[in-house]
Amino acid sequence: MLGRLWRRLKLLVGLDRATRDLEEEMRLHCELRAEQLRAQGIANPDAQARRQFGNATRIAEESRDTWLWPSLDALRQDARVTVRGLRRSPAFTAGVMVTFALGVGANAAMFSLIDRMMLRPPALMRDPANVHRAYMYRSMDGVETGTGGQYARNADIARWTSASFSAVAMHATQELAVGVGQDAREMRIGVVSANFFGFFDAPPAAGRYFDAAEDGPPSGAPVAVLSHATWQSQYGGRQDAIGSTVQIGAVVYTIIGVAAEGFVGLWPLRPPAAFIPVSTYAASSLGPKWQTTYGSSFGLGSIARRKPGVSVDAASADLSRALVQSYRAEGRSDASLAELRPRALAASVLLERGPDASEVARVATWLGGVAIIVLLIACANVASLLLARALSKRREVAVRLALGVSRTRLLTQLLTESMVLAVAGSLLGVLVAAWMSATMSAAFLPGVERFSVAGDPRTLAFIGIITVVVGAFTGGLPLLQTRRFALTDDLKAGARAGTYRQSRTRSALLILQGALSLVLLVGAGLFVRSLRNVRDVRLGFDADSVLVVALKMRDVKLDSAQNLELRLRLVAAARTVPGVMHASLQMQAPFGGMTSWPIAVAGIDSVRKLGQFEFNGVSPDYFATMGTRILRGRPFESSDLGGARRVLVISEAMGKVLWPGEDPLEKCVRIGIPPDTAPCRYVVGIAEDIHARSFGPQTRNFYYYLPAAQWHQQREGGLFVRAAGGTHGSIEPLRRRLQEEMPGTSYVTVSRLGALVENQSRSWVMGATVFTAFGALALVLAAVGLYSVIAYNVAQRRQELAVRVALGAAMGDVMRLVVGEGLRFAVTGAAVGGAIAIVAAPRIAPLLFNQSPRDPVVFGAVTGALLVVAVLASIVPAIRGARVDPNAALRAD
Amino acid sequence: MREEIPPGTLDMLILKTVSWRKELHGFEIAESIRATSGDVFVVEEGSLYPALQRLLVRGWVVGEWGRTPDNRRARYYHVTALGKRQLERSLESYNRVTRAIADILDPSPSRV
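Draft legend 1. Geometry of a nonpolar patch on the surface. There is a patch of nonpolar side chains on the surface, built from Val97, Ile101, Ile104 and Leu105 of chain B and spanning about 430 Å² of accessible area. On the secondary structure map, Ile101 of chain B appears in helix H4 (residues 81-105).

What follows is the structure in structure tokens.
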């Protein structure tokens, strides 16, 4: 067997020599036969011998077929012929390659994005199919919300689900300052339980991981594991990094190990720099009662490995039971539990595949579909071009068939052409994909580590698969056409003699392109209008002019009064920075989470049932800083101090819901636990409503403001600063000035409030930009497709048009004829596409904002654009057709 | 009377012819088969050369360039050891088949 392979290889390697040998051998045979015939006295022996011998080319070909991989030899030959042919028509080749490159590149870029978000299991995880994220829910006032970020809760879950899960590990990420002094940098830190590492096939690259003894009472050990990347970049991969210490957040940790190379936990897009024990972090941030504190969440979650034989539903039920038990352990009564209705769910370990998938992921999935449509259009285009080529080569093909080239060979040759083009286009597509994914991740996934496309085997495999599919598809269509070649007709006629026939396949492809382009453009239009609607929403504050200052207290512990005093000092300091117009205290930033306290109002049994009332503790300059308008009454004044009359400012909607039909000014609101016995605070002002959670209508969220000086809880909070003329330039001077006021190793961070808002509108920005880009691409491709078909048809009809001109048709008549043909395609395409878009529209509705998915304005504009483009694409060939010189055209060929 | 060469036997006939005459080139193989079969079998060139290539690839024959008596370049084929074994195998199975066919066509009473 091996010998046979070797001999074949030898033949193939020396292909030219082997071919020469065979030819010489056959020539000799022919000569000897001729001599024999001559000796027998037969007339014209040479011709006779040749006739007897038969078709030498065919025999040679068949002989060579036995050299195995007959196809391989043929392929080599076909590829050579193809490349030669393609080099002869560089414009065609370049056009097809660019078309493929754009189609393949768009798909590869979307794939690599979607793959990383929703398909790829966490790197190095063992058997990820059986690992689940635990999701917990509870109801408040009949509205179910997610919960379960607390240490105590996750510890309970882990303890009480051992029937279903072989292991339950806790995980969270925190942005913490690493290092001290000038070198301190905020980094992402993985806060995980000791058994988290056991979910992965990832032995430490150096040292060891922390164990259960280091991750438990009384407070967890101060030990940390570096990521491999951090070890390399910060410590140069040195062994003596192990045993050294590093301050992370408020605690000084000893580095005991380095995680495996490529280990990123659950966070491939933004890998943590280091991993610390969850109990150490919980103890340092929650205080001595960290193990039983059910009230404080720090975004903790659990992953669990399901035992063999336990169904996902059974595991979810077990989780729910454990959650109920946990609420009992917390001391909730049966009545309270009946209201809370705790529920838990075991879902995919991939966040974006679970119930908490982000809008960006959902839009990205849509855009993946859009990219496939772009590829379809590109394929239709190329198929149509190849078809035109195949048709124009009819005579050549017929001649070759007559000469004895086997039909299969001929067909493979056509397929080879499309494959060669697909491969070349895909190679170019890798570059396009790299560029597109860099652009997209910079725009839509800020802060995400740059991920490579060209170096990623999964993306490359994907590109390989679509290359084959695309090559087979585009080559296959002309193949169907070739099958119908009638040998004699083509030999006789070629493409001449008024045989203008429209290829039905080409027409169908063209209509398909038009239809798909229209669908994409409708999508683009809907997203662009959604984005405009989002931008038009009056948020109730000027996000673009405001900076958010956050305080990061490390070793310093301040009480409420000290915290307030420090922040007032910072407000004063901020005002001295050039360009700063206003500065105010704040406790929360919109879109960054708000605080709610129980409130009571005379005459209402349960205020809580009306919705969620959230507040901010601010200083007098707040409303000027944020640009929030005071509609009635007054803003806070510097006299609204601790000992003074207690006051509050409410939002317009809050006034309407609490005192419908009455004037809210000077009404009493009690805030506290329990609220009924808390002192009265009097409404002194009514501010416009703000959006602090979403852009949509907020029917159950109400906001109010308290003077920071009149609120006793001041552990949290920072500043808002309004800067003149753009916020970017003010960030660094402000940060430096404020840093001077910070005690110890504490520090401040300054960021744009606009960034928080942009996070919320990202999915629409992404939808609008990518949809528009892809839609425009589709339109261009469709226009090129239309142009090439019309131009081809005009070339085919040269004689017919010449006759018309000779008979006296005016230039306008001919142009109308040709442009009319183009328009007919476009109208049919638009009709088909419009129908598809109308049917599909409701599916995209949830991703839009205040936008009907069947908006006639969008449909109208897009159809108009398509028709205009169709006219433009057919006008150039039309002019060429009208300028046909009848004399030359009728004599040609 | 000419007859078609029974399907599947061409390789065997070529091997037998070449091994019997030690070394032959293509034309001689065709002529030899024709002559030995008493003009019953004529090997078409269209089957001969693909078959020779097949035998070459399988390693049953090797070809060497030499000179004909009138000093023309020709490729002479020899049967290899591997080819001889293959020939024996196919002869055996061929004989079994012909015996079986003969038995069916002319059942001898002693064996019934």
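Draft legend 2. Fine view of the nonpolar core. Residues and elements named next belong to chain A. Grouped together as the largest cluster of nonpolar side chains are 84 residues, with contacts concentrated most on Leu113, Phe527, Phe541, Tyr705, Met766 and Phe774. Tallying contributions element by element places helix H22 (residues 753-796) first for this core, with 12 residues. In contact with Leu113, other than residues within four places in its own chain, are Ala364, Met440, Leu445, Phe451 and Met766. Ala172, Ile189, Trp231 and Tyr235 belong to the second-largest nonpolar core, a separate cluster that totals 31 residues.

Draft legend 3. Focus on the pairing of strand E9 (residues 274-277) of chain A. All names here are of chain A. Across the two faces of E9 the burial is the same, with Ala274 and Ile276 and Phe275 and Pro277 all buried. Bridge count between strand E6 (residues 223-226) and E9: two bridges; the pairing is antiparallel. Following the sheet pairing, Leu226 is matched in E9 by Ala274.

Draft legend 4. Geometry of H22 of chain A. For H22 of chain A, with 44 residues, the first-to-last C-alpha span of 63 Å sits near the 64 Å given by 1.5 Å per residue. At Ser761 of chain A, H22 of chain A is bent by approximately 60°, the largest bend along its length.

Draft legend 5. Local environment of the sheet that holds strand E3 (residues 73-79) of chain B. The sheet built from three strands is open, its strands ordered E1-E3-E2 (chain B) with antiparallel pairing. Unpaired on one side and paired on the other, strand E1 (24-25) and strand E2 (61-67) of chain B mark the two borders of the sheet.

Draft legend 6. Representation of the pairing of strand E1 (residues 131-140) of chain A within the structure. Residues and elements named next belong to chain A. Burial analysis of E1 places eight of its 10 residues in the buried class, which makes it a mostly covered element. In the sheet, E1 pairs with strand E10 (residues 301-306) via four bridges, with the strands oriented antiparallel. Across the sheet, residue His132 finds its bridge partner in E10, namely Ala304. Taken together, the six bridges between E1 and strand E11 (residues 343-348) define a ladder with antiparallel strand orientation. Residue pairing across strands places Arg133 opposite Ala347, the latter belonging to E11. Summarising the sheet, E1 and strand E2 (residues 143-147) pair through five bridges and their orientation is antiparallel. Bridge pairing in E2 places Met136 opposite Thr147. What sits between the antiparallel neighbours E1 and E2 is a turn of two residues, in which Asp141 has the positive phi angle 50°.

The rules behind each value
- Residues numbered from 1 in each chain as written.
- Chains lettered and ligands numbered in written order.
- Predicted model: local features only at pLDDT ≥ 70, side-chain atom pairs only at ≥ 80, totals over all residues.
- Heavy atoms only, no water.
- Patch = residues over 30% accessible without salt bridge, like charges linked within 9 Å, V, L, I, M, F, W, Y side chains within 5 Å.
- Areas by Shrake-Rupley, 256 points an atom, 1.4 Å probe, with all protein chains shown as cover.
- Salt bridge = Lys/Arg side-chain N within 4 Å of Asp/Glu carboxyl O.
- Helix = DSSP H or I, 4+ residues; strand = E, 2+ residues; numbered from the N terminus.
- Core = buried A, V, L, I, M, F, W, Y, C linked by side-chain atoms within 4.5 Å.
- Buried < 20%, exposed > 50% of the residue type's maximum accessible area, 1.4 Å probe, protein only.
- Contact = heavy atoms within 4.5 Å.
- Pairing = 2+ DSSP bridges.
- Expected span 1.5 Å × (residues − 1).
- Bend = angle between axes of the 7 residues up to and from the residue.

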